[in-house]
Amino acid sequence: MLSVWTIGLRQSGEIGQRIARSVGDLFLRLMQYGLIAFIGAVAVVDAGEDPLKAAGDATESGVKAARLAVQLTAENIANAETTRTGANGGAYRRQYPVIVDGSAGVEILKIARDGSAPIWVYDPKHPHANAHGFVAKPNIDLSQELIKMNYYSNWLEANVAAGRKTKQMKDTLLELTK
């Protein structure tokens, strides 16, 4: 199940209500098919603000966060067996984004590294084995990383779909004002 954010509209009038219904309908359809679950990152639009700009900003922030999460998860999968990083480095440490609700969607606070200890495996013939024959391997569970990759990929797709819907609403609004 994938997460998306809602867009709260505090704008009265026919256009604001139509936009809210269109976005709400899209999210409800995705929920009905079991593709999304709401998590609560909210873009609130005050009277006088452009609700479509707020929707676009929220979607853009979600795309950036999801893209970063996919990239970091791919790096984790690729480095699941990396026993040395850099000249004097130890085993690779899993990376993950710290993402929080922001004023217009989500914000990426930082890229964090997993602080858990590496897994020590006895392999005396390995070139990075210590004097006792043990090698430090990354503490990465490939099945969990693949699940995260699927989750983040779905999150990215949902944000792209929301961006397309926002563009479609902008185009419809332009047609209505002609």
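Look up: the structure comes first, before these words.
All figures in this text were calculated on a predicted structure; none of them were measured in a lab. (Residues numbered from 1 in each chain as written. Predicted model: local features only at pLDDT ≥ 70, side-chain atom pairs only at ≥ 80, totals over all residues. Heavy atoms only, no water.)

### Overview of helix α3 (residues 142-177)
Rules: A run of DSSP states H or I qualifies as a helix once it reaches four residues; a run of E qualifies as a strand once it reaches two. Both are numbered from the N-terminal end. Residue count minus one, scaled by 1.5 Å, sets the expected span of a helix. Residue exposure (1.4 Å probe, protein chains only): buried if accessible area is under 20% of the type maximum, exposed if over 50%, otherwise partly exposed.
Its 36 residues place the ends of α3 52 Å apart at the C-alpha level, agreeing with the 52 Å of an ideal helix rising 1.5 Å per residue. Along α3, the residues that are buried comprise E145, M149, Y152, W155, A158, N159, A162, T166 and M169.

### Concerning the packing of aromatic side chains
We apply this condition: Here a Phe, Tyr or Trp ring, Trp counted by its six-membered ring, pairs with any other such ring whose centre lies within 6.5 Å, and the pair is stacked when the planes are under 30 degrees apart, edge-to-face when over 60, and tilted otherwise.
Under the criterion given, the structure shown has three aromatic pairs. With centroids separated by 6.2 Å and ring planes inclined at 40 degrees, the aromatic side chains of Y152 and W155 adopt a geometry described as tilted. Here the residue Y152 and the residue W155 both occupy positions in helix α3, the gap between them amounting to three residues, near one helical turn. The exposure classification of Y152 matches that of W155, with both residues buried.

### As for the environment of S153
This is how it is decided: Identification of polar contacts relies on pairs of N or O atoms within 3.5 Å, with a donor-acceptor requirement for protein atoms, meaning one able to donate a hydrogen and the other able to accept it, and with residues adjacent in sequence counted only if both atoms are side-chain atoms.
Mapped onto the secondary structure, S153 falls in helix α3. Note on S153: relative accessible area 22%, which makes it partly exposed. Remark: the alpha-carbon pair of S153 and R67, spanning 86 residues in sequence, is separated by 8.0 Å. Within the structure, S153 has its side chain in polar contact with the backbone oxygen of M149 (distance 2.7 Å).

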